[in-house]
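Examination of the molecular architecture
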Amino acid sequence: MILYDLICHKDHSFEVWFRDATTCKEQLAAKEVRCPICGSKKVSKALMAPNVASKKGDVVPAPTADASEPAPTPGALPTKAAMETEEAGKLRRALVELRGKIEKDFDHVGPQFAKEARKIHYGETEERNIYGETSAEEAKELADEGIGVSRIPWLPKEDS
């Protein structure tokens, strides 16, 4: 097994274990690897510092950004980065699932969200679940009026 530092086109970096270098190359070429943060398939190998052998033959790991955290031993799973990557993947999957539920069960009102939310709140139109886009300022105004709204990170379905 080999651990690679990868980076997506949005500069999110993460670690992934592969069976070997060939498997890594093939999966990257086939766009089978996704960024666990944004879901992008535009992923490539990041610059990595190699391990260097000392005169005694011991392998000296390259310095890491956090010297207090030891470099991972090959085959020692899970590393902190691997666990964080797994958690980011779980969070991403939950957000994708939430997006699917919202798109299925709610009416999309686009940039008219604040206007439609007010109409519903003040009884000017039928009560229904809606979603759409609004500015941070409009969202604050809605909250100040007592209109319950939530902001949700909207992940892209696929790479564009």
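Everything below is about the structure shown above.
Reading guide: rules and limits
- Residues numbered from 1 in each chain as written.
- Predicted model: local features only at pLDDT ≥ 70, side-chain atom pairs only at ≥ 80, totals over all residues.
- Heavy atoms only, no water.
- Helix = DSSP H or I, 4+ residues; strand = E, 2+ residues; numbered from the N terminus.
- Buried < 20%, exposed > 50% of the residue type's maximum accessible area, 1.4 Å probe, protein only.
- Contact = heavy atoms within 4.5 Å.
- Areas by Shrake-Rupley, 256 points an atom, 1.4 Å probe, with all protein chains shown as cover.
- Patch = residues over 30% accessible without salt bridge, like charges linked within 9 Å, V, L, I, M, F, W, Y side chains within 5 Å.
- Salt bridge = Lys/Arg side-chain N within 4 Å of Asp/Glu carboxyl O.

**Description of the overall build of the chain**
Looking only at helices and strands, the chain features 4 helices and 7 strands. Relative to its 160 residues, the chain shows a buried fraction of 26%. Sequence separation of 24 or more characterises 48% of the internal contacts of the chain that already satisfy a separation of 6 or more. Carbon and sulfur atoms provide 54% of the accessible area of the chain, an area that totals close to 11,300 Å².

**Overview of a nonpolar patch on the surface**
A surface patch of nonpolar side chains, about 250 Å² in accessible area, is lined by Leu98, Ile152 and Trp154. Structurally, the position occupied by Ile152 is in the segment after helix H4 (136-144). Taking relative accessible area as the criterion, Ile152 reaches 35% and is therefore assigned partly exposed.

**Quick word on the environment of Cys35**
Following the sequence through the fold, Cys35 ends up in the loop between helix H1 (21-29) and strand S3 (43-45). Using a relative accessible area of 1% as the deciding quantity, one classes Cys35 as buried. Sequence spacing of Cys35 and Ile7 is 28 residues, and the spatial spacing of their C-alpha atoms is 7.6 Å. Apart from the residues within four sequence positions on either side, Cys35 is in contact with Cys8, His12, Phe14, Ser40, Val43 and Arg92.

**So, the pattern of salt bridges**
Counted by the stated rule, this structure contains 9 salt bridges. For Arg118, the salt bridge goes to Glu145, with nearest N and O atoms at 2.9 Å. Within this pair, whereas Arg118 is found in helix H3 (residues 113-121), its partner Glu145 is found in the segment after H4, the two being separated by 27 residues in sequence. Shared partners join several salt bridges into a network, and the residues in it are Asp107, Glu116, Lys119 and Arg128.

**A short note on the environment of Ile2**
Along the chain, the position of Ile2 falls in strand S1 (residues 2-8). With a relative accessible area of 31%, Ile2 lands in the partly exposed category. Distance from Ile2 to Trp17, taken between C-alpha atoms, is 5.5 Å for residues 15 residues apart in sequence. Look past the residues within four positions of Ile2 in its chain and what remains in contact with it is Val16, Trp17, Phe18, Arg19, Asp20 and Ala21.

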